[in-house]
Amino acid sequence: MSAYRSPFERLRAKFEESELECPQCGYFDGDGGWRVTTSGSRVQYQFVCPSCDAVETRELRL
Ligand SMILES: [Zn+2]
């Protein structure tokens, strides 16, 4: 049994724990509904606000 977690896994966990609030309308998504897409060494998190359709995108580099 190992407690090792890769830097990416730690980042991801931190991300998914963070609360999600729309910067446009303040809609709060307690479920943290990030959509995750990965391409090469980049991970893109996208959140589409169900209230005002604003798109919030964050990008992480591995
Ligand atoms: Zn919104």
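Residues numbered from 1 in each chain as written. Predicted model: local features only at pLDDT ≥ 70, side-chain atom pairs only at ≥ 80, totals over all residues. Heavy atoms only, no water.

In the annotation of an unreviewed UniProt entry, the chain is listed under the name Small CPxCG-related zinc finger protein and assigned to Natronococcus pandeyae.

Student: So what exactly am I meant to see when it comes to the coordination of the zinc ion here?
Tutor: Each pair of donors in an ideal four-coordinate tetrahedral metal site encloses 109.5 degrees, whereas pairs in an ideal six-coordinate octahedral site enclose 90 or 180 degrees. The zinc ion binds to the protein through Cys22 (SG), Cys25 (SG), Cys49 (SG) and Cys52 (SG); the donor distances cover 2.3 Å. Because the angles between the four donor atoms bound to the zinc ion fall within 106 to 112°, the donor set is best described as tetrahedral. Sequence positions of the residues that donate to the zinc ion give the spacing C-x2-C-x23-C-x2-C. Within this pair, whereas Cys22 is found in the loop between strand 1 (20–21) and strand 2 (28–29), its partner Cys52 is found in the loop between strand 4 (42–48) and strand 5 (55–61), the two being separated by 30 residues in sequence. Overall, Cys22 belongs to the buried group, its relative accessible area being 3%. Residue Cys52 is classed as partly exposed on the basis of its relative accessible area of 35%. (Donors = N, O, S within 2.8 Å, 3.2 Å for Na, K, Ca; no water. Tetrahedral: all angles 85-135°; square planar, octahedral: opposite > 155°, others 65-115°. Helix = DSSP H or I, 4+ residues; strand = E, 2+ residues; numbered from the N terminus. Buried < 20%, exposed > 50% of the residue type's maximum accessible area, 1.4 Å probe, protein only.)

Student: Would you take a moment to explain the environment of Glu59 for this structure?
Tutor: Considering the arrangement of structural elements, one finds Glu59 in strand 5. By relative accessible area, which is 39% here, Glu59 ends up partly exposed. Discounting residues that sit within four places of it in the chain, Glu59 has contacts with Arg42, Val43 and Gln44. Within the structure, the side chain of Glu59 is placed 3.3 Å from the side chain of Gln44, a separation counted as a polar contact. (Contact = heavy atoms within 4.5 Å. Polar contact = N/O pair within 3.5 Å; in protein donor to acceptor, adjacent residues only side chain to side chain.)

Student: How should I be thinking about the pairing of strand 4 in this particular structure?
Tutor: Successive side chains on a regular strand alternate, one facing one side of the sheet and the next facing the other. Alternating positions in strand 4 separate cleanly, Val43, Tyr45 and Phe47 being buried on one face and Arg42, Gln44, Gln46 and Val48 remaining unburied on the opposite face. Across five bridges, strand 3 (residues 35–39) lies against strand 4 in antiparallel orientation. In the sheet register, Ser39 faces strand 4, and the bridge partner there is Arg42. The loop that links strand 3 with its antiparallel partner strand 4 comprises two residues; one of these, Gly40, has a positive phi angle of about 60°. Note: strand 4 against strand 5, seven bridges, orientation antiparallel. Within the sheet, the bridge partner assigned to Gln46 lies in strand 5 and is Thr57. Between strand 4 and strand 5, which pair antiparallel and follow one another directly, the connecting turn spans six residues, one of which, Asp53, has a positive phi of 65°. (Pairing = 2+ DSSP bridges.)

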